[in-house]
Amino acid sequence: MRNPRTGWLLLSPTLIILIIFGFMPFLYVLVVGFFDWNVFAAEDGMRFNGLGNYRRLVFDDLFLHSVGLTIRFAVFAIVSEVVLGFLLAQMLTRKFPGKSLFRIIHTFPLMIAPIAVGAIWRLLVIPGFGPVPFVLDRWFDFTYQIGTYPDQALATSVIMDVWHWTPFVTLTMLAGLSAIPREPVEQAKVDGANRLQVFWYVTLPFLRPVLLTTVFIRIMDAIRTVDEVWMLAGGGPGTRFTGIYIWRVTSPGASADWGYGSSISLITLYLTIVLCWLLFIAISGRRKGEVE
Amino acid sequence: MRQRAMRTGTTVGFWVFMTLLTLIPIWWMFVVSMRSRVELFSRPNLAISRLYMENYSNVLTDSTFQRYMTNSVVVSSCNAALVMALALLATYALSRYKLVGRDNIFFWLITNRMAPPAAFLLPLFIMFTRSFRIGDWTLFDTQLGLILLYCVFNLPFAIWLLKGVVDGIPIELDDAAMIDGAGLGGVLRHVVIPLAAPGLAVTGILSWVFAWNEYLFAANLTSVEARTITTGLAEFVTVTGTNWGELAAMSMITLIPSAIIVIVAQRYIVMGLTFGAVKE
Amino acid sequence: MSDRQDDVGATRESPERAKLKSASERPGFLPFHTNAFDRVFIGVVILIGIHLLWLRFMEPALPIEVATVISLVVGYVVVRRG
């Protein structure tokens, strides 16, 4: 009655679309990365270049710098989000007046388009009329100029990301916290554990799967951030993350060096896949000596 | 008793503070959208002195903006409809049929969602302008191109979300309908779709938002005809004098769908963003 | 996680059980369970990694083919023993 062929038929449109738009680009960069292909050169066409593009890539300081920046951005942002999100979720487990309203407002940034988030923050920090530089200058005598100081730009990106994504962590943590059974916590309290011990030995182990999943999704999203940071700082110093760098190098208007662009794309995919896979191993709990 | 009241007070106070942190940036954008160019560069304050609607009326009557808006609505809606249909079929297949390599297909699906879009821009641009060509027509700068392309990140998420829903429908119901003489279409229409309707609606809504919010692909794979509202926002920022008031007005307009969705589908956002890995 | 603590305790108490358990696992040196696909994947990842590092640091001294040989050997070890 259930012929697998019918199953494949139902699955085929999905597979066809994903193969064309998801897998073929990958093959494309894989092949083109080994070629020299400059569209605006005298003769349009691909010339085999061996490892030439990669030789250039490993000495491309801008690229290496962008990878370092992306990692710093992701680490700062995600650590802050997890700590803050956990505290907020902890507070949401109690009952207090106006809770659901607070929660709805807190969720709001999640659904805003990244490009609009960038616009919101740009309006806040723009020199001339933005309130942030004004207040910092007037009250703290602090010169704030994200176009000039790379560290300030990076910090602003991190704060923007925290503003945008902490709600996500809060909501997943809340889901995880409400799924914790009461008995072990009560038992630990009866046994004389203090709050820190309860957290460390009871809450955290229960929370581990949700926490790892959340961190996994956040890392994968953070390292490919482009839109909001681009809108915030326009690729100025301190915010040239890998995604932005690739975008600038490979965007049709900016550069016609398609071979080199492909090799950068491929190496970025490589780094992403390795990271993704390591995290996946960590989450799926395939480590030896662990009870499954 | 008193201590508990204190604690509630602190909690509420803290949340009021957090809410202000969330809202002030948005409020400031609203303030900017209500000001003329001259007023903007005076001393910053957070109050709105008068109703100045010119930014909004300028944006809304601009034909370019209207085209961007139409494109965004068309692309997001068609994409959401397509994703709902394809994802339902795919999940049904994955859930009811014994297919070779089912689990590997699953893993491959999530990698599609996790891939950095920037790395695919160049090959997609080449494909859109050169590979998919019929005479003079290419996929570049068409709504169809974006509708199909957005499936790459929406389909994996939709399938992961719907998998749990379809798995939850007892297979006996399918069998009963089939014994009554229903074909595959009948089973889908009379058994699966009614029971999966809430999940399907959530999938559709969230796919719609993700498509609406997308910027990078739209910015690189369209030029004039099929540009969406997010690219329009980015276009405002130019080297020579950005019109901040209109930028803010346009951003405010793009926020409206997000606000509606947060209120309507609040409970399902987490499930959607974690591919159903975390449920509330 | 409380399970894990129990498990550690149990292992310490009865070495026989620990032996049994490790015998049921693959004796590979990688710190997690792997199947053939995983090991080929790791092999490819290492191959690319070695080549990139080689291009950056070693190329003036030794040609890139040496990196290929090294990574093929490492890849073979990972696939067979990992």
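Thresholds applied
- Residues numbered from 1 in each chain as written.
- Chains lettered and ligands numbered in written order.
- Predicted model: local features only at pLDDT ≥ 70, side-chain atom pairs only at ≥ 80, totals over all residues.
- Heavy atoms only, no water.
- Helix = DSSP H or I, 4+ residues; strand = E, 2+ residues; numbered from the N terminus.
- Buried < 20%, exposed > 50% of the residue type's maximum accessible area, 1.4 Å probe, protein only.
- Contact = heavy atoms within 4.5 Å.
- Lys, Arg positive; Asp, Glu negative; His and termini not counted.
- Charge placed at Lys NZ, Arg CZ, Asp CG, Glu CD.
- Patch = residues over 30% accessible without salt bridge, like charges linked within 9 Å, V, L, I, M, F, W, Y side chains within 5 Å.
- Areas by Shrake-Rupley, 256 points an atom, 1.4 Å probe, with all protein chains shown as cover.
- Salt bridge = Lys/Arg side-chain N within 4 Å of Asp/Glu carboxyl O.
- Axes fitted to C-alpha atoms, helices over the stretch in contact; angles between N-to-C directions.
- Parallel < 35°, antiparallel > 145°, perpendicular 65-115°, else oblique.
- Left-handed = near helix turned anticlockwise from the far one by under 90°.
- Nonpolar A, V, L, I, M, F, W, Y, C, P; charged D, E, K, R; others polar.
- Core = buried A, V, L, I, M, F, W, Y, C linked by side-chain atoms within 4.5 Å.
- Domains from an automatic or database assignment.
- Phe/Tyr/Trp six-rings, centres within 6.5 Å; stacked < 30°, edge-to-face > 60°.
- Lys NZ or Arg CZ within 6 Å of the ring centre and 35° of its normal.
- Buried area = accessible area lost by both parts, 1.4 Å probe.
- Polar contact = N/O pair within 3.5 Å; in protein donor to acceptor, adjacent residues only side chain to side chain.
- Expected span 1.5 Å × (residues − 1).
- Bend = angle between axes of the 7 residues up to and from the residue.

*Asks:* What's the story with the overall build of chain B in this structure? I'm lost.
*Replies:* Each helix and strand in chain B was counted, giving 13 helices and 2 strands. C-alpha extents for chain B along the principal axes are approximately 75 × 75 × 35 Å. The 280 residues of chain B split such that 56% are buried. For chain B, contacts bridging at least 24 residues in sequence account for 70% of all contacts bridging at least 6. In chain B, 19 positive and 16 negative side-chain charges are present, and the distance between their average locations comes to 11 Å.

*Asks:* It is not clear to me how a nonpolar patch on the surface should be interpreted in this structure. Could you clarify?
*Replies:* There is a patch of nonpolar side chains on the surface, built from A:I19, A:F23, A:M24, A:L27, A:L30 and A:V31 and spanning about 450 Å² of accessible area. In this fold, A:I19 is placed in helix α1 (residues 4-32).

*Asks:* Help me understand the packing of α1(A) against helix α7 (residues 143-167) of chain B in this model?
*Replies:* Any two packed helices are characterised by how steeply their axes cross, that is the angle between the axes, and by the distance between the axes. Their axes nearest at 9 Å, the elements α1(A) and α7(B) cross at an angle of 125°. Taken as axis vectors, α1(A) and α7(B) run oblique relative to one another. The handedness of the crossing between α1(A) and α7(B) is left-handed. Contacts from A:T14, A:I17, A:L18, A:F21 and A:G22 of α1(A) reach α7(B) at B:L148, B:L149, B:C151, B:V152, B:L155 and B:I159. Considered class by class, the residues forming the contact of α1(A) with α7(B) number 9 nonpolar, 2 polar and no charged.

*Asks:* Help me understand the nonpolar core in this model?
*Replies:* With 189 residues, the main nonpolar core has A:I112 and B:L124 as its most contacted residues. At 14 residues, α7(B) tops the list of elements feeding residues into this core. Residue contributions to this core reach at least three from each of two domains, namely domain 1 (1-52) and domain 2 (66-273) of chain B. Among residues more than four places away in sequence, those in contact with B:L124 are A:F21, A:P25, B:L149, B:F217 and B:L221. In terms of nonpolar packing, the next biggest core, distinct from the first, is built from 9 residues, A:W277, C:L30, C:F32 and C:F41 among them.

*Asks:* Would you mind showing me how to read the packing of aromatic side chains here?
*Replies:* The description of an aromatic ring pair rests on the distance of the ring centres and on the angle between the ring planes. Taken as a whole, this structure holds 23 aromatic pairs over all chains when the rule is applied. Aromatic side chains B:W208 and B:W212 sit 5.1 Å apart centroid to centroid with 15° between the ring planes, which places their arrangement in the stacked category. Here the residue B:W208 and the residue B:W212 both occupy positions in helix α9 (residues 184-213), the gap between them amounting to 4 residues, near one helical turn. For B:W212, a relative accessible area of 4% puts it in the buried group. An aromatic cluster is present here, built from A:W37, A:W258, B:F125 and B:F140 joined pairwise through their rings. Note that A:R248 overlies the ring of A:W247, its terminal NZ or CZ placed 4.7 Å from the centroid.

*Asks:* Which parts of the structure should I look at to understand the pattern of salt bridges?
*Replies:* Side chains that carry opposite charge are capable of pairing whenever their charged atoms lie near each other. Tallied over the entire structure, the rule returns 8 salt bridges over all chains. Between A:R182 and A:E186 there is a salt bridge whose closest N-O contact spans 3.7 Å. With a gap of 4 residues between them, A:R182 and A:E186 both fall in helix α8 (residues 182-190), about one helical turn apart. On the basis of relative accessible area, A:E186 is assigned to the partly exposed category, the value being 37%. The salt bridge involving B:D167 is made with B:K163; its shortest N-O contact spans 2.7 Å. You can see B:D167 and its partner B:K163 sitting in helix α7, 4 residues apart, about one turn around the helix.

*Asks:* Honestly, the arrangement of the chains in this entry has me stumped. Any pointers?
*Replies:* Contacts are most numerous, across the 2 pairs of chains in contact, for chains A and B. Separated in space, chain B and chain C share no contact, their closest pair of C-alpha atoms being 11 Å apart.

*Asks:* Explain the domain arrangement of chain B to me, please; I cannot follow it from the model alone.
*Replies:* Often, the extent of an interface is quoted as the loss of accessible area on bringing the components together. Residue and element names in this part refer to chain B. Entries for chain B in the domain assignment read domain 1 (1-52) and domain 2 (66-273). On a C-alpha basis, the centres of domain 1 and domain 2 stand 34 Å from each other. Between domain 1 and domain 2, the residue contacts involve 7 residues of the former and 9 residues of the latter. With both sides pooled, the region where domain 1 packs onto domain 2 buries about 650 Å², and carbon together with sulfur makes up 78% of that total. Broken down residue by residue, the surface that domain 1 buries against domain 2 is led by M29, S33 and R37, which jointly contribute 60%. Our enumeration of links across domain 1 and domain 2 arrives at 0 salt bridges. At the boundary of domain 1 and domain 2, one finds 0 residue pairs in polar contact (both at pLDDT 80 or more).

*Asks:* Sorry if this is basic, but what is going on with helix α3 (residues 61-92) of chain A here?
*Replies:* Note on helix geometry: an α-helix contains 3.6 residues per turn, so any two residues three or four positions apart are oriented the same way. Here α3(A) contains 32 residues, and its C-alpha end-to-end distance of 46 Å stays within 8% of the 46 Å for a straight helix at 1.5 Å per residue. Of the residues flanking the start of α3(A), the one acting as N-cap is A:D60, its side-chain oxygen 3.1 Å from the backbone nitrogen of A:L62.

*Asks:* Quick question: what am I supposed to make of the interface of chain A and chain B here?
*Replies:* Contact with chain A, which involves 92 residues of that partner, is made by 99 residues of chain B. In this assembly, chain A packs against chain B so that about 8,900 Å² is buried in total across both faces, 80% of it on carbon and sulfur atoms. On the chain A side of the contact with chain B, A:R2, A:F21 and A:M111 bury the most area, a combined 10% of that side's loss. In this structure, the connection of chain A to chain B is made through 0 salt bridges. Our enumeration of links across chain A and chain B arrives at 9 residue pairs in polar contact (both at pLDDT 80 or more). Counting residues per element, the side of chain A that touches chain B draws most heavily on α1(A), which supplies 21 residues.

*Asks:* Just to check I follow, could you spell out helix α12 (residues 244-264) of chain B for this structure?
*Replies:* Residues and elements named next belong to chain B. Taking 1.5 Å of rise per residue, 21 residues should cover 30 Å, and α12 covers 31 Å from first to last C-alpha, within 8% of that figure. In the structure, α12 departs most strongly from a straight axis at L255, where the bend amounts to approximately 30° and where the proline P257 lies between one and four residues downstream. The buried count for α12 comes to 16 of 21 residues, which makes it a mostly enclosed element.

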